[in-house]
Amino acid sequence: MKKILAICMMMLMAIAGLAGCGSDAKKEAPQKIVVGLDDNFPPMGFKDEKNEIVGFDIDLAKEASKRLGCDVEFKAIDWNSKEAELQSGRVDVLWNGLDITEKRKENMLFSEPYMDNRQIVFVAKGKDIKIASEADLAGKVIGTQSGGTSEEYFEGKKDLKASMKEVKYYPDFINAFMDLENGRIDAVVGDEIIGRYYISKHPDKIAAVDTVIGEVSQFGFAFRKDNKELRDKVQKVFDEMKADGTVAKVSEKWFAKDITIKK
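Definitions and limits used
Residues numbered from 1 in each chain as written. Predicted model: local features only at pLDDT ≥ 70, side-chain atom pairs only at ≥ 80, totals over all residues. Heavy atoms only, no water. pLDDT = per-residue confidence, 0-100. Contact = heavy atoms within 4.5 Å. Pairing = 2+ DSSP bridges. Helix = DSSP H or I, 4+ residues; strand = E, 2+ residues; numbered from the N terminus. Axes fitted to C-alpha atoms, helices over the stretch in contact; angles between N-to-C directions. 1 Å grid on protein atoms, 1.4 Å probe; cavity = no way out; pocket = protein on both sides within 12 Å on 5 of 7 lines; lining within 4 Å. Points joined across faces, edges and corners; volume = space filled by probe spheres on them. Nonpolar A, V, L, I, M, F, W, Y, C, P; charged D, E, K, R; others polar. Buried < 20%, exposed > 50% of the residue type's maximum accessible area, 1.4 Å probe, protein only.

**Section: the confidence of the model for the protein chain**
Mean pLDDT over the protein chain: 89, with 89% of residues reaching 70 or higher. Taken together, the stretch residues 11-23 has pLDDT below 50 and engages in four contacts with residues farther than four places along the chain or on a different chain.

**Let's talk about the sheet that holds strand S11 (residues 166-170)**
Strand order in the open sheet formed by five strands is S11-S10-S12-S9-S13, with mixed pairing between adjacent strands. With partners counted over all chains shown, the strands left at the sheet margins are S11 and strand S13 (206-212), one partner each. On average, each strand axis in the sheet is inclined to that of its neighbour by 30°, with strand direction left out of account. Where strand S9 (residues 119-124) meets S13, five bridges bridge the pair, whose relative direction is antiparallel.

**Re the environment of Gly183**
Note that Gly183 resides in the loop between helix H7 (173-181) and strand S12 (187-191). As a C-alpha pair, Gly183 and Ala124 span 59 residues in sequence and 7.9 Å in three-dimensional space.

**Thoughts on empty space enclosed by the protein**
It is a probe the size of a water molecule, rolled over the atoms, that shows where empty space is left. Inspection of the entire model under this criterion finds two cavities of 30 Å³ or more. Counting only elements with at least two residues in the lining of the largest cavity, the list comes to strand S6 (93-99), strand S10 (141-145) and helix H5 (149-156). Looking at side-chain class alone, the lining of the largest cavity contains four nonpolar, eight polar and three charged residues. The space that makes up the second largest cavity amounts to roughly 50 Å³. Lining the second largest cavity, in full, are Ile33, Val35, Ala61, Ala64, Ser65, Leu68, Val93, Trp95, Phe223 and Val234. Among the secondary structure elements, those contributing two or more residues to the lining of the second largest cavity are strand S1 (32-37), helix H2 (56-68) and S6. The dominant element in the lining of the second largest cavity, judged by the number of residues it contributes, is H2, at four residues.

**Some remarks on the side chain of Ser251**
Relative to the helices and strands, Ser251 resides in helix H10 (residues 246-255). Residue contacts for Ser251: discarding those within four places in its chain leaves Phe56, Ala256, Lys257, Asp258, Ile259 and Thr260.

**A short note on H10**
Burial of H10 is extensive: seven of the ten residues sit out of reach of the surface. Residues of H10 that are buried include every one of Thr246, Val247, Ala248, Val250, Ser251, Trp254 and Phe255, and no others. Residues of H10 that are buried in the fold lie against strand S3 (45-47), strand S4 (53-54), H2, strand S8 (115-117), helix H8 (192-201) and helix H9 (228-243). Phi turns positive one or two residues past the end of H10, at Ala256, with a value near 65°.

**Side note on the pairing of strand S14 (residues 217-224)**
With seven of eight residues buried, S14 is to be regarded as a mostly interior element. Relative to S14, S6 runs antiparallel, the two sharing four bridges. Across the sheet, the residue bridging to Val93 is Phe223, located in S14. Direction of pairing for strand S7 (residues 108-110) relative to S14: antiparallel, over a ladder of three bridges.

**Considering H7**
For H7, the complete set of buried residues consists of Phe173, Ile174, Ala176, Phe177, Asp179 and Leu180. A positive backbone phi angle near 80° is found at Gly183, which sits one or two residues after H7.

**Some words on the layout of surface pockets**
Roughly 350 Å³ of internal volume is contained in the largest pocket. Lining the largest pocket we find 16 residues, and of these Ile100, Thr101, Thr149, Glu215 and Ser217 sit closest to its centre. Tallied by class, the residues present in the lining of the largest pocket amount to five nonpolar, six polar and five charged. In this model, the second largest pocket occupies a volume close to 240 Å³. Considering the residues around the second largest pocket, the lining is formed by Met115, Asp116, Asn117, Arg118, Glu192, Ile193, Arg196, Phe255, Lys257, Ile259, Thr260 and Ile261. Those elements that provide at least two residues to the lining of the second largest pocket are S8 and H8.

See the structure below:
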């Protein structure tokens, strides 16, 4: 009986050793990763006509989770409260066109940057509004997303904000663009990526002005400060995705070209 028990114990230990994921990145990976996102942020993450969450970052997160051997849940959150959602543990990672900033790095642990992001100006077609520089925002009603990079930039440049007639903050860029189309605001300052994607769907209504507002930032995905282990695991499989061309293919699917950072 002792020999039989010993053999059974050895078999159980062997099975347990094989039950985990095969690669180093998969070892001790969580059963599920909860991704927090603004689900009205096309093409990064949004609901399609079937009410399913799709997008560029969604495809990347799905593939990374698959390689980790984990399930993934996409949880729509109030993007203005993203840090609180992350710190509370209600989400494990913010993966949704999130700009890496020094202020955010104080409270979040970021991945390596994977895409450049510029804040540019968008105007309604047919309107005689010329904005060739930051100074041309003076006297105008400007819209942008609440909790986004442009809001942080405007709040940090009091003189610039004071020069404008009004700055209107919206829960998402879709609402900002709708107000722009309807003449309620003069221009939108926001992410070039979402703006150009919106233009592709509404080519006769909105135009992009190649005027950069503020500094060019970079996108990353963010974790809690004390969750370095998960960050490192996700970063490892993401690096593999870049190396084997998966990230480039996903970019080509959504932007018709690879606009991701190659290094």
